[in-house]
Amino acid sequence: MSQIVHIPTPLRQYTDKLDTVQVSGATVADALAQLTTTYPELKKHLYNEQGKLRHFVNIYVNDEDIRYLQKEQTPLGATDTISIIPSVAGGCPTATAELPSLEQEEVARYSRHLILPEVGMEGQRKLKAASVLCVGAGGLGSPVLLYLAAAGIGRIGIVDFDVVDLSNLQRQVAHGTDDIGRRKLDSARDAVKAINPHIQVDLYETALSSQNALELFAPYDIIIDGTDNFPTRYLVNDACVLLGKPNAYGSIFRFEGQASVFATKDGPCYRCLYPEPPPPGLVPSCAEGGVLGVLPGIIGVIQATEAIKLILGAGEPLVGRFLIYDALKMKFRELKLRRDPECPVCGDNPTVKALIDYEQFCGLKPAPGATAAPVGAVPVIEVEELKRRIDAGDDIIVLDVREPHEIDIVRIEGTTVIPLGELPRRLDELDRTKDLLVHCKVGGRSAKAVTLLREQGFDRAVNVAGGILAWVDRIEPHKSKY
Ligand code: ZN
């Protein structure tokens, strides 16, 4: 008679990194006794001084939570599986005796926390024991990192592979003008350390992927989603559900923000809310649509607040609630959100049991075996060719499909301006017999415009690769970029 015991990530350091251990016992108590004899270090993490299972450790036999049964006397069958599930917020060492102590300097530093009954010495030590991973060190990540550092979260991980750009500084307050060109990781680490030298900062210079997400998330108690694209949002969500780690979610667009806490034990996940991603191109990114600079500050601070509450076990977390913030109206709305029993990831019969290809899921690349998507399959010219034809005085139309407020920032002289959204009803303004050279900011919208124009019989429409940004880089570098 033998059973499998699943060892949770935080405890694997005591089982020679094994995630499963084979035992053979007549009851759960037998099985756990064998386990702790083989791995004596585990004992003090599972049992208190009186030899009772610690209250933050749940034991499941197969899918059954045995807390309400006879607990450790639960008899075991030949093929039963035992899972040890420690509560996640605060991680494994939440027993007060095992929490790290505070130095004198820290007591002074956190004094405004310590006099809050909801925090106190114990809560502050929980914060010190806690670990939070922030995915992205941009608009949302900046305030998250600064406030988590100030609050005394002991270990903060940052995942990012970007470099600080001048256009980031309008909202990414962890970075300064002197940081332009530096890795965001380095700049963010310096900002965190400047606020609080006690924090352990782990840097991961990588794009989050299905290959690395579980490994990156595993050592942390809480994951903060500070990403800016749909494939990564679904990836963060699914990895959090699979690992049973709360996901403090936030997103921003123009003047509106959203926040929630997903993937807690009984709470809903991002897929319960949005089972399917929007089709590519429907929802513009912040780079295309713009974002009010203070907006990520507000939403990021909400994410940090929720992370701190989860660690402290204080208040009512934003679980099962979806918060929507409108900066122009200065209004918060709250929607109720339930876990969907049919959810493919966190539902009763999940179909997604491992991380998938999220670019494909979000329609950003064709499924294997499918024919290549026609997107982008339009004739293209380079900006040098556009310049040559303008200089030669060719009888051409250069069509700019950006929005009027973008034209105000920078434009090529003498172009015809029709925003992409107005193009279908303004086709009469264009001459079908002429070469039509179409551009936008970077080439995405103009590719759609060329596809549309060609469908409407403008056979001489071509896309200008790289758009106005390529034009400024290579033809008129004295002009502004945005
Ligand atoms: Zn779900």
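Residues numbered from 1 in each chain as written. Predicted model: local features only at pLDDT ≥ 70, side-chain atom pairs only at ≥ 80, totals over all residues. Heavy atoms only, no water.

1. Here's the deal with the overall build of the protein chain
Within the protein chain, the regular secondary structure consists of 17 helices and 18 strands. For the C-alpha atoms alone, the extent of the protein chain along its principal axes is close to 90 × 55 × 40 Å. Looking at the protein chain residue by residue over its 482 residues, the buried ones come to 49%. Element-wise, carbon and sulfur atoms account for 53% of the exposed surface of the protein chain, whose accessible area totals about 23,300 Å². (Helix = DSSP H or I, 4+ residues; strand = E, 2+ residues; numbered from the N terminus. Buried < 20%, exposed > 50% of the residue type's maximum accessible area, 1.4 Å probe, protein only. Areas by Shrake-Rupley, 256 points an atom, 1.4 Å probe, with all protein chains shown as cover.)

2. So, the coordination of the zinc ion
Tetrahedral coordination by four donors places them ideally at 109.5 degrees to one another around the metal; octahedral coordination by six donors ideally gives 90 or 180 degrees. Taken together, C269 (SG), C272 (SG), C343 (SG) and C346 (SG) make up the full set of protein donors to the zinc ion, lying 2.3 Å away. Around the zinc ion, the four donor atoms sit at angles spanning 92 to 122°, and that spread fits a shape best called tetrahedral. Each donor residue of the zinc ion belongs to the same chain, with the gaps between them written as C-x2-C-x70-C-x2-C. Grouping residues by exposure puts C343 and C346 together as buried. (Donors = N, O, S within 2.8 Å, 3.2 Å for Na, K, Ca; no water. Tetrahedral: all angles 85-135°; square planar, octahedral: opposite > 155°, others 65-115°.)

3. Observations concerning the sheet that holds strand 10 (residues 247–253)
The sheet built from eight strands is open, its strands ordered 8-7-6-9-10-11-12-13 with mixed pairing. Among the strands making up the open sheet, the edge pair consists of strand 8 (200–204) and strand 13 (331–336). The average angle at which neighbouring strand axes cross in this sheet is 15°, direction not considered. Each of strand 6 (131–135), strand 9 (222–225), strand 10 and strand 11 (256–262) touches helix 9 (residues 230–243); the most contacted strand, strand 10, lies at about 165° to it. (Pairing = 2+ DSSP bridges. Axes fitted to C-alpha atoms, helices over the stretch in contact; angles between N-to-C directions. Contact = heavy atoms within 4.5 Å.)

4. With respect to a nonpolar patch on the surface
On the surface, F255, L292, V294 and L328 cluster together into a nonpolar patch covering about 370 Å² of accessible area. Structurally, L328 is set in the loop between strand 12 (321–326) and strand 13. (Patch = residues over 30% accessible without salt bridge, like charges linked within 9 Å, V, L, I, M, F, W, Y side chains within 5 Å. Salt bridge = Lys/Arg side-chain N within 4 Å of Asp/Glu carboxyl O.)

5. Observations regarding the environment of G257
Summarising the element assignment, G257 is placed in strand 11. Sequence separation of G257 and D326 is 69 residues, and the distance between their C-alpha atoms is 6.7 Å. With sequence-adjacent residues up to four places away left out, G257 is seen in contact with S251, I252, L295, I299, L323, I324 and Y325.

6. Things to note about the domain arrangement of the protein chain
Partitioning the protein chain into domains gives domain 1 (3–86), domain 2 (130–361) and domain 3 (380–474). Here domain 1 and domain 2 have C-alpha centroids that lie 33 Å from each other. (Domains from an automatic or database assignment.)

7. A closer look at the packing of helix 14 (residues 383–391) against helix 17 (residues 467–474)
The relative placement of two packed helices is expressed as an angle between their axes plus a distance between the axes. The geometry of helix 14 relative to helix 17 is characterised by a closest axis approach of 9 Å and an angle of 75° between their N-to-C directions. Classified by the interaxial angle, the pair formed by helix 14 and helix 17 is roughly perpendicular. Taking contact as the criterion, the partners of V383, E384, L386, K387 and I390 in helix 14 are, on helix 17, G467, A470, W471 and R474. Classifying every residue of the contact of helix 14 with helix 17 by side-chain character gives five nonpolar, one polar and three charged. (Parallel < 35°, antiparallel > 145°, perpendicular 65-115°, else oblique. Nonpolar A, V, L, I, M, F, W, Y, C, P; charged D, E, K, R; others polar.)

8. Things to note about the sheet that holds strand 17 (residues 435–439)
Pairing is parallel in the open sheet, where five strands are placed in the order 14-18-17-15-16. Because the sheet does not close on itself, it has two edges, and the strands there are strand 14 (380–381) and strand 16 (416–417). In terms of strand pairing, strand 14 meets strand 18 (residues 461–464) through two bridges, oriented parallel. If you follow V380 over to strand 18, its bridge partner there is N463. Packed on one face of the sheet, helix 14 meets strand 14, strand 15 (396–400), strand 17 and strand 18 and runs near 135° to strand 15.

9. Digging into the packing of helix 6 (residues 141–151) against helix 7 (residues 184–195)
The N-to-C vectors of helix 6 and helix 7 enclose an angle of 30°; their axes lie 8 Å apart at closest approach. The angle between helix 6 and helix 7 falls in the class roughly parallel. In terms of crossing hand, the pair formed by helix 6 and helix 7 is right-handed. Of the residues in helix 7, those touching helix 6 at L145, L146, A149 and A150 are A188, A191, V192 and I195. (Left-handed = near helix turned anticlockwise from the far one by under 90°.)

10. Observations regarding the side chain of R402
Considering the arrangement of structural elements, one finds R402 in the loop between strand 15 and helix 15 (404–409). Since its relative accessible area comes to 0%, R402 is described here as buried. Side chain to side chain, R402 and Y482 meet in a polar contact 3.0 Å long. If sequence neighbours within four positions are ignored, R402 has contacts with I407, V410, R411, V417, P419, H439, C440, K441, R445, I468 and Y482. (Polar contact = N/O pair within 3.5 Å; in protein donor to acceptor, adjacent residues only side chain to side chain.)

11. Quick notes on the packing of aromatic side chains
Using the criterion set out here, one finds ten aromatic pairs in the structure. Between Y249 and Y270, the aromatic rings sit 5.2 Å apart at their centres with planes inclined by 35°, giving tilted as the arrangement. Placement of the pair is Y249 in strand 10 and Y270 in helix 10 (residues 270–273), with a sequence separation of 21 residues. Note on accessibility: Y249 and Y270 belong to one class, buried. Three or more aromatic residues joined by ring pairs form one cluster here, namely Y234, Y249, F262, Y270, Y274, F322 and F361. Sitting over the face of the ring of Y220, R155 holds its NZ or CZ atom 4.7 Å from the ring centroid. The side chain of R271 reaches across the aromatic face of F361, ending 4.5 Å from its centre. (Phe/Tyr/Trp six-rings, centres within 6.5 Å; stacked < 30°, edge-to-face > 60°. Lys NZ or Arg CZ within 6 Å of the ring centre and 35° of its normal.)

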